[in-house]
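Letter by letter, the chains look like this.
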Amino acid sequence: MKHKRLTALVLAAALVLAGCGGTKSSSGSAAASQSTGSSQNAPALATQKERITEQFTLEKTIRQYEWDSAQKLTIHVPQLVCDSPDAAYLNDELAARYAAEYRDYESYPQAEVSQDEWCSQTYIDWDAYWYGDCVSLVVSSYYGGTDPIYSQGWCFDFATGKLVFVTEMLQRMGLDPDEAQLAVYRAAIQTFDRNMVQQEYYDSLRESGMLSGMRADTLRDNGLENLTVLLENENTVTLVGGYHTTAGSGWRPLKVELPLTPAAPAKTPVLTDTYGSVSVLLDGDTRTVTIKRTPETIAWAEDYDIRLDGDVTLPIRNAYHNYVDVCIGELGASFHPVVYLLTEDGFVEYVDVLRCLLYGQSLFCADPIYIANNGIALALRDAEVSLLCADGTETELAPLTAEWNSPQTVDSTGSFSLGEGEDWCWLDLNSGGGCQLATHNNRYFYQGAVTYLGATPDGTALGFSLIRDTENGPEWVAFSAALKLDYRIDCLILTPLSGQNPLTNETVPLVLTHSYG
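Predicted model only: the values in this text are computed from it and were never measured.

**Q** Just to check I follow, could you spell out the overall build of the chain for this structure?
**A** Counting secondary structure elements, the chain contains ten helices and 31 strands. Judged by the C-alpha coordinates and their principal axes, the chain covers about 80 × 60 × 50 Å. Here the chain holds 517 residues, and the buried ones make up 53% of them. Of the roughly 23600 Å² of accessible surface on the chain, a fraction of 49% belongs to carbon and sulfur atoms.

Pasting the structure below:
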């Protein structure tokens, strides 16, 4: 149970931290003595200190060869003092990951390096954050350069001798894991978008699919089980995740602080708008679009083969920002409603209602239009929406929406297969958005196109529009799915989202094997 995370720890810092019924203990190199919390007595602290020791320690400045520059090694690798199988597994994991590479350096002679001489540094150290008998053991590593320190954490319960999922750890603290997850997603996506807005934006980043991939990876890598749990004071728990960037290693740490005691719900403005047959409601966590059955939406059946049985209300997926204004307008000549959302940071997100309905009747909040920033309000101009900017100018959003809707390179491309015998299926995606799909050992063959809809925790959401020839003429199917290549197992993880998916009528992820040849 490995939880990857990054945290900007300060080297050789001694922090006095008290958890809710717990404390933080540190290795000898990070603090001269173990800190104590107000709710911890001396026997409890002594027990905690005895439960985690170091299995490998190395503090040495070495020079591998005479002509090499010096390298400073500060290595402290912990171990759990417990004889359970889970503890043995974790101790072996820590040894293999952090100690094995450096054991040979114990015999190297110490290099003579003056205190003011610069030399490269390798730093590995650990911290322990306690909650009763449970500990969040965090190992931090730094290998030089400008990237932040990398950290990984594991939660362990000494009372049971078992590794503990982050979800269970939060539940023990009285937190709702779903609410905690949403808070982390929102903080990560908001930080990601702010970082992108501050940079010089390149169209190639969007057109190549890098933007969508980075946004989806930011969500995926901030799943609860990928986070570090810290108890930094009595009233809060801190979850450490991060966000993807184009700089350095491509990852930056992010701390999200959650109160341990219930807080009064934040008062957010209720935002609504109506245009023709479409209305939108933003009220706290409720973010929905209602489409009424009227002559203009009934006409979609003939124009787009979109049939609504009656009035429908659909949630908006991927709307993670805090919004200050909302406005609905049109895109194109026919009734093509688009919901525009203005974030508190002044840039625009949008929900292309008609486009989303074409791919399985699931509404996705598209990636922000970063170049339309510094906005303070939205305004309807005839049938289209404009962004009112802080400098007094207006930006028409319809042309930018059409640009953002234009094809971008689809990630997760290649040929993939699933099942065997009569159940054998295959899927082929090319980077230009072409798609072929066959099921039941090639008895049913579909072909068409895919388009990017938005980023989800399960991967990039793609809309599929496919046609199959039948005895009764062409049969059209539309659906959406989240796709993510897992390079570790060379497979495509496909999570059905909505619509008529020929591969499955289930909602559980499918694992398709990458095919070559």
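What follows continues from the structure just given.
**Q** Explain helix 4 (residues 177-198) to me, please; I cannot follow it from the model alone.
**A** Along an α-helix, residues three or four positions apart point the same way, because every turn accommodates 3.6 residues. Between its first and last C-alpha, helix 4 extends 32 Å over 22 residues, near the 32 Å set by a 1.5 Å rise per residue. The residue sitting at the N-terminus of helix 4 and contributing the capping side-chain oxygen is Asp 176; that oxygen lies 2.9 Å from the backbone nitrogen of Asp 178.

**Q** Looking at this model, I keep getting lost on the side chain of Arg 215. Mind explaining?
**A** Within the secondary structure, Arg 215 is located in helix 6 (residues 210-220). Once residues lying within four places of it in the same chain are set aside, the contact partners of Arg 215 are Ile 189, Phe 192, Asp 193, His 321, Glu 349, Asp 367, Pro 368, Tyr 370 and Ala 455.

**Q** Any chance you could explain the packing of aromatic side chains here in plain terms?
**A** Tallying each qualifying case throughout the model produces eleven aromatic pairs. Among the aromatic residues, those joined into a ring-pair cluster are Tyr 102, Tyr 105 and Tyr 108. Across the ring face of Trp 404, the terminal group of Arg 206 is positioned such that the distance to the ring centre comes to 4.7 Å.

**Q** Help me understand the nonpolar core in this model?
**A** Looking at soluble globular proteins, one finds that nonpolar side chains tend to be buried together. Residues Val 289, Ile 291 and Val 339 are the most contacted members of the largest nonpolar core, which totals 33 residues. Every element with two or more residues in this core is listed here: strand 13 (271-275), strand 14 (278-283), strand 15 (286-291), strand 16 (312-317), strand 17 (323-330), strand 18 (337-343), helix 9 (353-357) and strand 20 (363-364). Residues within four places of Val 339 in sequence aside, it is in contact with Val 280, Val 289, Val 326, Cys 327, Ile 328, Glu 349, Tyr 350, Val 351 and Val 353.

**Q** How should I be thinking about the pairing of strand 13 in this particular structure?
**A** Looking along a regular strand, one sees side chains alternate from face to face of the sheet. When strand 13 meets strand 14, the two strands line up antiparallel, connected through five bridges. Paired with Asp 273 across the strands is Val 280, a residue of strand 14.

**Q** What am I meant to see in the sheet that holds strand 13 here?
**A** The strands making up a sheet associate through backbone hydrogen bonding, with each pair oriented either parallel or antiparallel. Spatially, the five strands line up as an open sheet ordered 13-14-15-16-20, and their pairing is mixed. Among the strands making up the open sheet, the edge pair consists of strand 13 and strand 20. Inspection of the sheet shows strand 16 paired to strand 20 by two bridges, in the parallel sense. In the strand pairing of strand 20, Ile 316 is matched with Leu 363.

**Q** Explain the packing of helix 4 against helix 6 to me, please; I cannot follow it from the model alone.
**A** Each pair of packed helices can be summarised by the angle the axes make with each other and by the distance between the axes. Viewed as axis vectors pointing N to C, helix 4 and helix 6 meet at an angle of 150°, and their least axial separation amounts to 9 Å. Our classification of the angle between helix 4 and helix 6 gives roughly antiparallel. Regarding helix 4 and helix 6, the two cross each other, and that crossing is right-handed. Each of Tyr 185, Ala 188, Ile 189, Phe 192, Asp 193 and Met 196 in helix 4 lies in contact with helix 6, whose residues at this interface are Leu 211, Met 214, Arg 215, Thr 218 and Leu 219. A breakdown of the residues in the contact of helix 4 with helix 6 according to their chemical character gives eight nonpolar, one polar and two charged.

**Q** Help me out: how do you make sense of the sheet that holds strand 10 (residues 228-230) in this one?
**A** With antiparallel pairing, the three strands of this open sheet are ordered in space as 10-11-12. The strands lining the two open edges of the sheet, one partner per strand, are strand 10 and strand 12 (251-259). For this sheet, the mean angle separating the axes of adjacent strands, direction not counted, is 30°. In the sheet, strand 11 (residues 236-244) pairs with strand 12 via nine bridges, with the strands oriented antiparallel. In the sheet register, Tyr 243 faces strand 12, and the bridge partner there is Arg 252.

**Q** Looking at this structure, how should I read the state of the cysteines?
**A** Here a disulfide denotes a covalent bond joining the sulfur atom of one cysteine to the sulfur atom of another. All chains considered together, the criterion is met by zero disulfides. Here Cys 356 stays unpaired: no disulfide links it, and the sulfur of Cys 365, its closest cysteine neighbor, is 9.2 Å away. Looking at Cys 356, the relative accessible area reads 3%, which means it is buried. No disulfide involves Cys 389; its sulfur sits 14 Å from that of Cys 327, the nearest cysteine. The class for Cys 389 is buried, based on a relative accessible area of 8%.

**Q** Just checking my understanding: could you explain helix 2 (residues 85-99) for this structure?
**A** Taking 1.5 Å of rise per residue, the 15 residues of helix 2 would be expected to cover 21 Å, and the 20 Å separating its terminal C-alpha atoms lies within 8% of that figure. Within helix 2 the residues assigned to the buried category are Ala 87, Leu 90, Asn 91, Glu 93, Leu 94, Ala 95, Tyr 98 and Ala 99. Residues of helix 2 that are buried sit in contact with strand 4 (52-62), strand 5 (71-80), strand 6 (120-131), strand 7 (134-142), strand 8 (150-157) and strand 9 (162-164).

**Q** Explain the environment of Gln 199 here, please?
**A** Among the structural elements, Gln 199 can be located in the loop between helix 4 and helix 5 (203-207). The class for Gln 199 is partly exposed, based on a relative accessible area of 29%. Considering only alpha carbons, one finds Gln 199 and Cys 155, 44 residues apart in sequence, at a separation of 37 Å.

**Q** How should the pattern of salt bridges be read in this particular structure?
**A** For side chains bearing opposite charge, pairing can occur when the charged atoms are close. Using the criterion set out here, one finds 22 salt bridges in the structure. Across the pair Lys 292 and Asp 311 runs a salt bridge, and its minimum N-O distance is 3.8 Å. With Lys 292 in the loop between strand 15 and helix 7 (295-298) and Asp 311 in the loop between helix 8 (300-304) and strand 16, this residue pair connects regions lying 19 residues apart in the sequence. Residue class for Lys 292 comes out partly exposed when judged on its relative accessible area of 43%.

**Q** Explain unusual backbone geometry here, please?
**A** Phi is mostly negative for residues that are not glycine, and the peptide bonds are mostly trans. One non-glycine residue with positive phi stands out, namely Asn 318, at about 70°. Counting through the fold element by element, Asn 318 comes out in the loop between strand 16 and strand 17. With phi around 55°, Asp 490 is a residue other than glycine that occupies positive phi space. Residue position: Asp 490 is located in the loop between strand 29 (473-486) and strand 30 (491-499).

**Q** How should the side chain of Ser 498 be read in this particular structure?
**A** If you trace the backbone, Ser 498 turns up in strand 30. Accessibility expressed as a relative area gives 15% for Ser 498, which makes it buried. Polar side-chain contacts of Ser 498 include one of 3.1 Å to the backbone oxygen of Gly 360. For Ser 498, the side chain forms a polar contact with the side chain of Ser 480, separated by 2.6 Å. Contacts of Ser 498, omitting those with residues within four sequence positions, involve Tyr 359, Gly 360, Ser 362, Phe 479 and Ser 480.

About the thresholds
- Residues numbered from 1 in each chain as written.
- Predicted model: local features only at pLDDT ≥ 70, side-chain atom pairs only at ≥ 80, totals over all residues.
- Heavy atoms only, no water.
- Helix = DSSP H or I, 4+ residues; strand = E, 2+ residues; numbered from the N terminus.
- Buried < 20%, exposed > 50% of the residue type's maximum accessible area, 1.4 Å probe, protein only.
- Areas by Shrake-Rupley, 256 points an atom, 1.4 Å probe, with all protein chains shown as cover.
- Expected span 1.5 Å × (residues − 1).
- Polar contact = N/O pair within 3.5 Å; in protein donor to acceptor, adjacent residues only side chain to side chain.
- Contact = heavy atoms within 4.5 Å.
- Phe/Tyr/Trp six-rings, centres within 6.5 Å; stacked < 30°, edge-to-face > 60°.
- Lys NZ or Arg CZ within 6 Å of the ring centre and 35° of its normal.
- Core = buried A, V, L, I, M, F, W, Y, C linked by side-chain atoms within 4.5 Å.
- Pairing = 2+ DSSP bridges.
- Axes fitted to C-alpha atoms, helices over the stretch in contact; angles between N-to-C directions.
- Parallel < 35°, antiparallel > 145°, perpendicular 65-115°, else oblique.
- Left-handed = near helix turned anticlockwise from the far one by under 90°.
- Nonpolar A, V, L, I, M, F, W, Y, C, P; charged D, E, K, R; others polar.
- Disulfide = S-S within 2.5 Å.
- Salt bridge = Lys/Arg side-chain N within 4 Å of Asp/Glu carboxyl O.

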